[in-house]
Amino acid sequence: MEGISYQRFPKVKIREMKDDYLKFELRETDASMANALRRVMLAEVPTLAIDLVEIEVNSTVLNDEFIAHRLGLIPLTSDRAMSMRFSRDCDACDGDGQCEFCSVEFTLNVRCTSDHTLDVTSTDLRSSDPTICCPVDVAARATAALDPNSAYDPSEQRGIIIVKLRRGQELRLRAIARKGIGKDHAKWSPAATVTFMYEPEIHINEDLMETLTLEEKRSWVESSPTKVFEIDPNTQQVVVVDPEAYTYDDEVIKKAEAMGKPGLVDINAKEDSFIFTVESTGAIKASQLVINAIEILRQKLDAVRLSLDTEECDEQFGELGAHLRGSAV
């Protein structure tokens, strides 16, 4: 087995990219790598989130714990999270988690003085350093103010509501945002959703399809719960319009068999090609989320390779360890 290499060179092709949305193809790899990338994006890319809340005054209808929980779930800009320290590893504050290297401080001080209900939102949070971390909607508002062509409409975006106040009610607090990962708590996950699917290959048996009447063709096309096929109005032939809309439900295959036409369509999944859809919470851009995930995955693989370069590996695994070490080089 000496000299055998399992090294592959995956390729990525961007299909659609926005600040909070990314759709791309991942080719020439297998499902284990695709799933590893997905899990890292969901659970191991670090962001900043409020982790400590000190409430000074709270005369609202919500108790302290409820408000602290809501504050923690507010997405914060985390472009610099990768370079910041985890509070548990920070030697500048002895793990206290309250220094410029591992945290950002927020304050909130709101009192209702009118007869109208006052909404306390994420826009009321004041960051000690907005250039490092602030609520996502506050950052979007600031960016829109500098860009006259921005689609962001401040009148339609009021921020994330924390609590509502009536006359005389007050909320005053101090909060600390720290670096963390989704594996520890969902509030640190930068992804709203990450999904991938095998790219489908769909081939219609044209000869068999021509034996169907127009009504039978229409009935077969409508058996698909998603719009994968349609009938060309000019040629009256069934064509594939959106192969990626296919959900591997086998409805069209079952319909063909019920019509006595097995083999009418052949649908296979490409085992080395995947279509990813990534939606970000806004903490970091969707494109940066993928880049950070790839970097973290690379660090993990490097750690495995380094662990194979030790004498302990030979002692524990013998010839198998030596073979693994040779394959990892």
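Residues numbered from 1 in each chain as written. Predicted model: local features only at pLDDT ≥ 70, side-chain atom pairs only at ≥ 80, totals over all residues. Heavy atoms only, no water.

**Some details on the sheet that holds strand S9 (residues 191-204)**
What counts is decided by this rule: For two strands to count as paired, DSSP must find a minimum of two bridges between them. Labels follow the DSSP assignment, with helices taken as runs of H or I lasting at least four residues and strands as runs of E lasting at least two, numbered in each case from the N terminus. Think of each axis as a best-fit line through the C-alpha atoms, taken over the contacting stretch in the case of a helix, with angles from 0 to 180 degrees between the N-to-C directions. Two residues qualify as a contact provided that any one of their heavy atoms is within 4.5 Å of a heavy atom in the partner residue.
Pairing in this open sheet of four strands is antiparallel, and the strands run S1-S2-S12-S9 from one edge to the other. Each edge of the open sheet is held by one strand with a lone partner, namely strand S1 (11-17) and S9. Averaged over neighbouring strand pairs, the angle between their axes works out to 30 degrees when direction is ignored. Bridge count for S1 against strand S2 (residues 21-27) is six bridges, and the pairing is antiparallel. Along S2, the bridge assignment pairs Lys13 with Glu25. Sheet contacts for helix H1 (residues 31-43): S2, S9 and strand S12 (265-280); angle to S9, the most-contacted strand, approximately 155 degrees.

**Some details on helix H2 (residues 64-72)**
Test applied: Residue burial is assigned from relative accessible area. The probe radius is 1.4 Å, only protein chains are included, and a residue is buried under 20% of its type maximum, exposed over 50%, and partly exposed in between. Summarising the geometry, the arc corresponds to the directions from the helix axis toward the C-beta atoms.
Turning to H2, its buried residues number three or more, namely Ile67, Leu71 and Gly72. Down the axis, H2 shows its buried residues gathered within 140 degrees of arc, on one side only. Close packing links the buried residues of H2 with strand S3 (47-58), strand S7 (161-165) and strand S8 (170-180).

**Looking at the environment of Ala293**
Here Ala293 is to be found in helix H7 (residues 286-307). Here the alpha-carbon distance between Ala293 and Pro46, two residues 247 residues apart in the chain, equals 9.4 Å. Other than its neighbours up to four places away in sequence, Ala293 contacts Leu37, Val40, Met41 and Val45.

**Regarding the packing of H1 against H7**
Helix-helix packing is described using two parameters, namely the angle between the two axes and the distance between the axes. Under the convention used in this document: Reported orientations rely on four angle classes, namely roughly parallel under 35 degrees, roughly antiparallel over 145, roughly perpendicular from 65 to 115, and oblique for the rest. Should the near helix be turned counterclockwise from the far one by less than a right angle, the crossing is left-handed, whereas a clockwise turn marks it as right-handed. Residues are grouped as follows: Ala, Val, Leu, Ile, Met, Phe, Trp, Tyr, Cys and Pro are nonpolar; Asp, Glu, Lys and Arg are charged; all remaining types, including Gly, are polar.
At their nearest, the axes of H1 and H7 sit 9 Å apart, and the two run at 110 degrees to each other. Considering their axes alone, H1 and H7 lie roughly perpendicular with respect to each other. In terms of crossing hand, the pair formed by H1 and H7 is right-handed. Residues Met33, Ala36, Leu37, Val40 and Met41 of H1 touch H7, and the partners they reach there are Leu289, Val290, Ala293, Ile294, Ile296 and Leu297. Each residue belonging to the contact of H1 with H7 can be placed in one class, and the counts come to eleven nonpolar, no polar and no charged.

**Observations concerning unusual backbone geometry**
Of note, Gln236 is a non-glycine position whose phi angle comes to about 65 degrees, a positive value. Here Gln236 shows up in the loop between strand S10 (229-231) and strand S11 (238-240). Despite not being glycine, Tyr248 has its phi angle at roughly 55 degrees, a positive value. Within the fold, Tyr248 resides in the loop between S11 and helix H6 (251-258).

**Structural notes on the environment of Ala31**
Structurally, the position occupied by Ala31 is in helix H1. The partly exposed category is assigned to Ala31, whose relative accessible area is 26%. Among residues more than four places away in sequence, those in contact with Ala31 are Tyr198 and Phe274.

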